[in-house]
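# Report on the structure
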Amino acid sequence: MRVDCRRLDRLCQDALQHEAMAWPKPGLVTPVDSGSHSDMHIGTFFASIDALQGSFAMLALAGARSQPFAVLQAIGVEAERKMLLATCGINTHRGAIFNLGLLAAAAGRQEADSTLAGLSCGAVVARVWGADLASARRDAAASHGNLVFKRFAAGGARMEAATGFPTVYGIGLPALRRLLAAGHERETALIGTLLTLMEHLLDTNLLWRGGEAGLGFVRQAAADFNRAGGVDAPGWRDRLLALHRAFVERNLSPGGSADLMAASWAAHQLETFSFGD
């Protein structure tokens, strides 16, 4: 089990690396530039990813041992501490730790509990920890996400997880699989998935940075890109670079969509992950 959990850890780290390296991503950090983020760059991301090594394995093992939600929270808080230490206090992956950590814990729990067989990892999260997650949203201390929740009634990451990651499994994963089946290589398929998520997600990162107007601008821009053929259309990179410039000018960064892009890739890989291989 420990060996399998280390494999799950590598799966989650790979998802974070693929998200970081994909280019272009409007408003987001890439190997080319820092997008709308003056406080971080691609090196910050990789320092964070390196610091998280082992955290997802611990969460998967806790899930396999049917540990209570409080134990998962404690492991997540320690993972955040490692991230912040590695990045000198910059939040690069708090949302990704939350999303991927829960999916890893669900994979471990499903392996140990035969009554969960046949469910997606997202469905396992909702069934086993959904009530805890919803309660945590109500009781959580002030944060960007919670302030946005109170102001705009946007559910954010906790409600996405509490309800089984419907945006991942209903929007991100189908888009990713369609693009891969169409013959796109991984990077292009991930970028296409990101733009699909950006069109549909009530991204609390965007609400915090730009309010309802900023969120509306990003969703409309993504919708226009997708209706024009998305990554299937010639010249799609040039159009995304133009969007990138427009997002940076407005200080907009669809970080929530980026987190769910990584979660969609992890969910795709978890569908074929097998303990004991």
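Our structure's up above, just so we're on the same page.
What comes next is a walk through the structure.

### Brief notes about the packing of helix α1 (residues 2-21) against helix α2 (residues 42-51)
- Packing of α1 against α2 leaves a shortest axis separation of 10 Å and a crossing angle of 180°. With respect to each other, α1 and α2 are oriented roughly antiparallel. Taking contact as the criterion, the partners of Gln13, Leu16, Gln17, Glu19, Ala20 and Met21 in α1 are, on α2, Ile42, Phe45, Phe46, Ile49 and Asp50.
- Its residues placed into classes, the contact of α1 with α2 shows 7 nonpolar, 2 polar and 2 charged.

### Observations regarding unusual backbone geometry
- Cis peptide bonds are those with omega within 30 degrees of zero, and the linkage from Trp23 to Pro24 qualifies with 0°.
- The residue Pro24 is located in the loop between α1 and α2 in this model.
- Phi at Ser66 is positive, roughly 55°, even though this residue is not glycine.
- Tracing the sequence through the fold places Ser66 in the loop between α3 (55-64) and α4 (69-86).
- Overall, Ser66 belongs to the partly exposed group, its relative accessible area being 41%.

### Here we look at α2
- For α2, the set of buried residues is Thr44, Phe45, Ser48 and Ile49. Down the axis, α2 shows its buried residues gathered within 135° of arc, on one side only.
- Packing partners of the buried residues in α2 comprise α1 and α4.

### As for helix α9 (residues 166-181)
- Across its 16 residues, α9 extends 21 Å between first and last C-alpha, which sits within 8% of the 22 Å expected from 1.5 Å per residue.
- The sharpest bend along α9 measures roughly 35° and falls at Gly172, with the proline Pro174 sitting one to four residues further on.
- Burial in α9 covers these residues: Thr167, Val168, Tyr169, Gly172, Leu173, Ala175, Leu176 and Leu179.
- One or two residues past the end of α9 sits Gly183, with phi positive at roughly 100°.

### As for the pattern of salt bridges
- Under the defined criterion, the tally for this structure stands at 8 salt bridges.
- The salt bridge partner of Arg81 is Glu78, with a shortest N-O separation of 2.7 Å. Here Glu78 and Arg81 lie together in helix α4, a separation of 3 residues that amounts to about one turn.
- Classification of Arg81 by relative accessible area gives partly exposed; the value is 45%.

### Quick word on the side chain of His37
- Relative to the helices and strands, His37 is located in the loop between α1 and α2.
- According to the relative accessible area criterion, His37 is buried, its value standing at 14%.
- Excluding residues within four positions of it along the chain, His37 makes contact with Gly27, Val29, Arg209 and Ser253.

### Some remarks on the packing of aromatic side chains
- Applying the stated criterion to the full structure yields 2 aromatic pairs.
- With a centroid separation of 5.2 Å and an interplanar angle of 85°, the aromatic rings of Phe273 and Phe275 are classed as edge-to-face. Both residues of the pair, Phe273 and Phe275, count as buried.
- For Arg250, the ring lying beneath its charged end belongs to Phe217, and the centroid distance is 4.1 Å.

### So, the nonpolar core
- In this structure, Leu102 and Trp129 are the most contacted members of the largest nonpolar core, which totals 77 residues.
- Not counting residues within four places of it along the chain, the set of residues in contact with Trp129 comprises Gln67, Phe69, Leu72, Leu102, Ala105, Ala106, Arg109 and Val124.
- Grouped together as the second largest cluster of nonpolar side chains are 5 residues, Ala20, Val29, Met40 and Ile90 included.

Calculation criteria
- Residues numbered from 1 in each chain as written.
- Predicted model: local features only at pLDDT ≥ 70, side-chain atom pairs only at ≥ 80, totals over all residues.
- Heavy atoms only, no water.
- Axes fitted to C-alpha atoms, helices over the stretch in contact; angles between N-to-C directions.
- Helix = DSSP H or I, 4+ residues; strand = E, 2+ residues; numbered from the N terminus.
- Parallel < 35°, antiparallel > 145°, perpendicular 65-115°, else oblique.
- Contact = heavy atoms within 4.5 Å.
- Nonpolar A, V, L, I, M, F, W, Y, C, P; charged D, E, K, R; others polar.
- Buried < 20%, exposed > 50% of the residue type's maximum accessible area, 1.4 Å probe, protein only.
- Arc of directions from axis to C-beta.
- Expected span 1.5 Å × (residues − 1).
- Bend = angle between axes of the 7 residues up to and from the residue.
- Salt bridge = Lys/Arg side-chain N within 4 Å of Asp/Glu carboxyl O.
- Phe/Tyr/Trp six-rings, centres within 6.5 Å; stacked < 30°, edge-to-face > 60°.
- Lys NZ or Arg CZ within 6 Å of the ring centre and 35° of its normal.
- Core = buried A, V, L, I, M, F, W, Y, C linked by side-chain atoms within 4.5 Å.

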